[in-house]
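Coordinate inspection notes
Here is what each chain is made of, one letter per residue.
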There are 4 protein chains.
Amino acid sequence: MIRNTTQVRVRYAETDQMGIVYYGNYAQYFEVARVELLRGIGITYAFIEKNGIFMPVLNLNCQFHSPAYYDDLLLVEACITELPVTRIHITYSVHNTDGKLLTSGSTDLAFINQNTKRPVRCPEFILEKMRGYF
Amino acid sequence: MIRNTTQVRVRYAETDQMGIVYYGNYAQYFEVARVELLRGIGITYAFIEKNGIFMPVLNLNCQFHSPAYYDDLLLVEACITELPVTRIHITYSVHNTDGKLLTSGSTDLAFINQNTKRPVRCPEFILEKMRGYF
Amino acid sequence: MIRNTTQVRVRYAETDQMGIVYYGNYAQYFEVARVELLRGIGITYAFIEKNGIFMPVLNLNCQFHSPAYYDDLLLVEACITELPVTRIHITYSVHNTDGKLLTSGSTDLAFINQNTKRPVRCPEFILEKMRGYF
Amino acid sequence: MIRNTTQVRVRYAETDQMGIVYYGNYAQYFEVARVELLRGIGITYAFIEKNGIFMPVLNLNCQFHSPAYYDDLLLVEACITELPVTRIHITYSVHNTDGKLLTSGSTDLAFINQNTKRPVRCPEFILEKMRGYF
């Protein structure tokens, strides 16, 4: 398992007139969390793209348990429980600093060859950084 | 069943450096579609809020089948298949003008009393507009 | 002079907890207005990019006179008062349907050759569509 | 003078298909920088709102000198050069970690009484935190 927690401060721009974080903005928090998880094991997503791979999101699931508010410091955890093959499954949870679970979710991402635009298997340069965790 | 299709033009702001619509932006397209579905049966979401009800999103599911591109005119369909009780379930599909299915998804929304912050049943002024469709 | 007015419906996502449109979102409304102005004279921005030109924004000015609210139907006018040479100057005004001026602003955009990444003059295929208006 | 520099990591969501940060997103970076400047002198914007004051933006100016890219760590400086009276003037600069100036800009913000919706003078609880810097 690979697990990483990142802090995200809620921006005013991310609230809506209900006075809470707009539901669509959690997709960005999840993005930040998975990028920081990768950085934590020595891979930047920028490097993945420079090596000819795009990682588009295939699906997104979110459960909104409790709202996040302006200026909250959110703890966004990303977790990979299985070594990826043709896609990578990542789960997320968002807690506030009181330890309350606000949102949970998951995404699957593919590996796409930028030239052929075709799905490929998870590249070796990613797998070699991940193997030790499983 | 209540069904409505709305057109949304992809903004440059909504693309990312992969050259496609960023996955988090579909939540906004779904919002536009459900608001226009309600408007189509004679209810504005603004009116619902003026009547003391918030409708926060409880969960979101999206499957991204194929990318949407800059300046695409998207046909975003929202569909309600059951008369709401304590929550409203809405399904969505996004097609481009070639008829290709790009994204599908669903949301559940609650009804919250703005004063008590407690969930309530779907208000009668909404149900009376919906009953004829089921 | 070339002038065009586009309608934009305020999305819930675009409001903030002050209950008004977040100031940063007007940049998107301006984008929509200038893209529709171009479309109105027979040029799509997508076509400009396909012809090897990017048009990055060089500067942005906005005056926020009065707030826009959720679900407002905004009339966003874009106006080009001079035939572009090395940059294009566009002014904007946003009114609500009561005719109240909410926001005014301007942008300058450059023409960049996608291969050389260098600024170039406004391409002839754009100028030929614009000359008749000046 | 009050001056503060905040780090902001560019999110994938904030890029556009030109492969750079979309121009409208700098308004959010400016927001983050001014909020952190205030926090640095002991005021949170959340506290200002709890004390009955909104601070809407009156105008925004941005000059985009050079693009910011995905995953860049941006150094966003906010600076207040004069003690506010009826509005607060803030200037901003965005540099990358190579020390290159990417964007500069400014905003004016008003102080609005939440009950009366009328502009008021800068509240004493803000001024008392600022006086020592001028």
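As shown above, the structure is provided for reference.
The sections below set out a description of the structure shown in this document.

Rules used in this analysis
Each residue is numbered by its place in its chain's sequence as written, counting from 1. Both sets of labels track the order of writing: A upward for chains, 1 upward for ligands. A pLDDT threshold of at least 70 governs which residues receive local features in this predicted model, and a stricter bar of 80 or more applies before side-chain atom pairs are shown or counted, although totals over entire chains, interfaces and linings include all residues. In this comparison the copies share one frame, found by least squares on the C-alpha atoms of residues holding pLDDT of at least 70 in both. Any residue pair is listed as a contact if its two C-beta atoms, each placed from the backbone, are within 7 Å. Numbering of helices and strands runs from the N terminus; a helix is a DSSP stretch of H or I covering at least four residues, while a strand is a stretch of E covering at least two. For the exposure call, what matters is how many other C-beta atoms sit within 10 Å of a residue's own: 20 or more marks it buried, 12 or fewer exposed, and in between partly exposed, using C-beta atoms placed from the backbone. Whether two strands pair comes down to DSSP finding at least two bridges between them. To get an axis, fit a line to the C-alpha atoms, keeping to the stretch in contact for a helix; angles then go from 0 to 180 degrees between the N-to-C directions. Take the residue count of a helix, subtract one, and multiply by 1.5 Å to get its expected span.

**So, the relation of the copies chain A and chain B**
- After a rotation of 180 degrees and a shift along the axis of 0.0 Å, chain A superposes on chain B with an RMSD of 0.0 Å. Taken together, the rotation and translation relating the two chain copies correspond to the operation of a two-fold axis. The position closest to the rotation axis in chain A is occupied by the C-alpha of Asn61(A), lying 2.3 Å away.
- Interface residue correspondence from chain A to chain B reaches 100%, placing this contact among same-surface, isologous pairings.

**Overview of the environment of Gly24(A)**
- Counting through the fold element by element, Gly24(A) comes out in the loop between β1 (2–9) and α1 (26–40).
- Its 24 C-beta neighbours within 10 Å are what place Gly24(A) among the buried residues.

**Description of the interface of chain A and chain B**
- Counting from both sides, the interface comprises 15 residues of chain A and, opposite them, 15 residues of chain B.
- Looking at the side of chain A that touches chain B, the elements with two or more residues in it are α1 and β3 (57–64) of chain A.
- When residues of the side of chain A that touches chain B are assigned to their parent elements, the largest contribution, 8 residues, is made by β3(A).
- Pairing between β3(A) and strand β3 (residues 57–64) of chain B: 5 bridges, direction antiparallel. In the sheet register, Gln63(A) faces β3(B), and the bridge partner there is Asn59(B).

**Examining the relation of the copies chain D and chain B**
- Mapping chain D onto chain B calls for a screw motion: a turn of 180 degrees about the axis and a shift of 0.0 Å along it, with 0.0 Å RMSD after fitting.
- In this assembly, 100% of the residues forming the interface of chain D have copies in chain B that are likewise at the interface, indicating an isologous arrangement.

**Focus: the sheet that holds strand β1 (residues 2–9) of chain D**
- The antiparallel open sheet is built from 10 strands, whose spatial order is β1(C)-β4(C)-β5(C)-β6(C)-β3(C)-β3(D)-β6(D)-β5(D)-β4(D)-β1(D). Bordering the open sheet on either side are β1 (2–9) of chain C together with β1 of chain D, each of which pairs with just one other strand. Here the average twist between neighbouring strands, direction ignored, is 15 degrees.
- Taken together, the 7 bridges between strand β3 (residues 57–64) of chain D and strand β6 (residues 101–110) of chain D define a ladder with antiparallel strand orientation. Along β6(D), the bridge assignment pairs Leu60(D) with Thr107(D).
- In the packing of helix α1 (residues 26–40) of chain D onto the sheet, contacts are made with β1, β3, β4 (73–80), β5 (87–95) and β6 of chain D, and the angle to β1(D) comes to roughly 130 degrees.

**Some details on the environment of Val85(D)**
Residue and element names in this part refer to chain D.
- With respect to the secondary-structure elements, Val85 resides in the loop between β4 and β5.
- With 10 C-beta atoms packed within 10 Å, Val85 lands in the exposed category.
- For Val85 and Gln63, which are 22 residues apart along the polypeptide, the C-alpha to C-alpha distance reads 26 Å.
- Contact partners of Val85, with chain neighbours within four places excluded, come to Arg121 and Cys122.

**Thoughts on the sheet that holds strand β4 (residues 73–80) of chain A**
- On the basis of which strands lie adjacent, the open sheet formed by 10 strands has the order β1(A)-β4(A)-β5(A)-β6(A)-β3(A)-β3(B)-β6(B)-β5(B)-β4(B)-β1(B) and antiparallel pairing. In this open sheet, the two edge strands, each paired with only one partner strand, are β1 of chain A together with β1 (2–9) of chain B. Across the sheet, the mean angle from the axis of one strand to that of its neighbour is 15 degrees, orientation sign disregarded.
- In the sheet, strand β5 (residues 87–95) of chain B pairs with strand β6 (residues 101–110) of chain B via 9 bridges, with the strands oriented antiparallel. Residue pairing for β6(B): Ser93(B) is matched across the bridge by Ser104(B).
- Taken strand by strand, α1(A) contacts β1, β3, β4, β5 (87–95) and β6 (101–110) of chain A, and its axis lies near 130 degrees from that of β1(A).
- Packed onto the sheet, helix α1 (residues 26–40) of chain B meets β1, β3, β4 (73–80), β5 and β6 of chain B and runs at close to 130 degrees relative to β1(B).

**Some remarks on unusual backbone geometry**
Residues and elements named next belong to chain A.
- Positive phi, normally seen in glycine, also occurs at Asp71, with a value near 75 degrees.
- Structurally, Asp71 can be placed in the loop between β3 and β4.
- Judged by local crowding, Asp71 falls into the partly exposed class, with 17 C-beta atoms found within 10 Å.

**As for α1(A)**
All names here are of chain A.
- Helix length check: α1 (15 residues) gives 21 Å between terminal C-alpha atoms against 21 Å at 1.5 Å per residue, within 8%.
- In terms of burial, α1 is a largely internal element, 11 of the 15 residues being buried.
- Those residues of α1 that sit buried are Tyr26, Ala27, Gln28, Tyr29, Phe30, Glu31, Ala33, Arg34, Val35, Leu37 and Leu38.
- After α1 finishes, the residue Gly42 shows a positive phi value of roughly 95 degrees.

Keep in mind that these numbers describe shape and distance, not what the molecule does.
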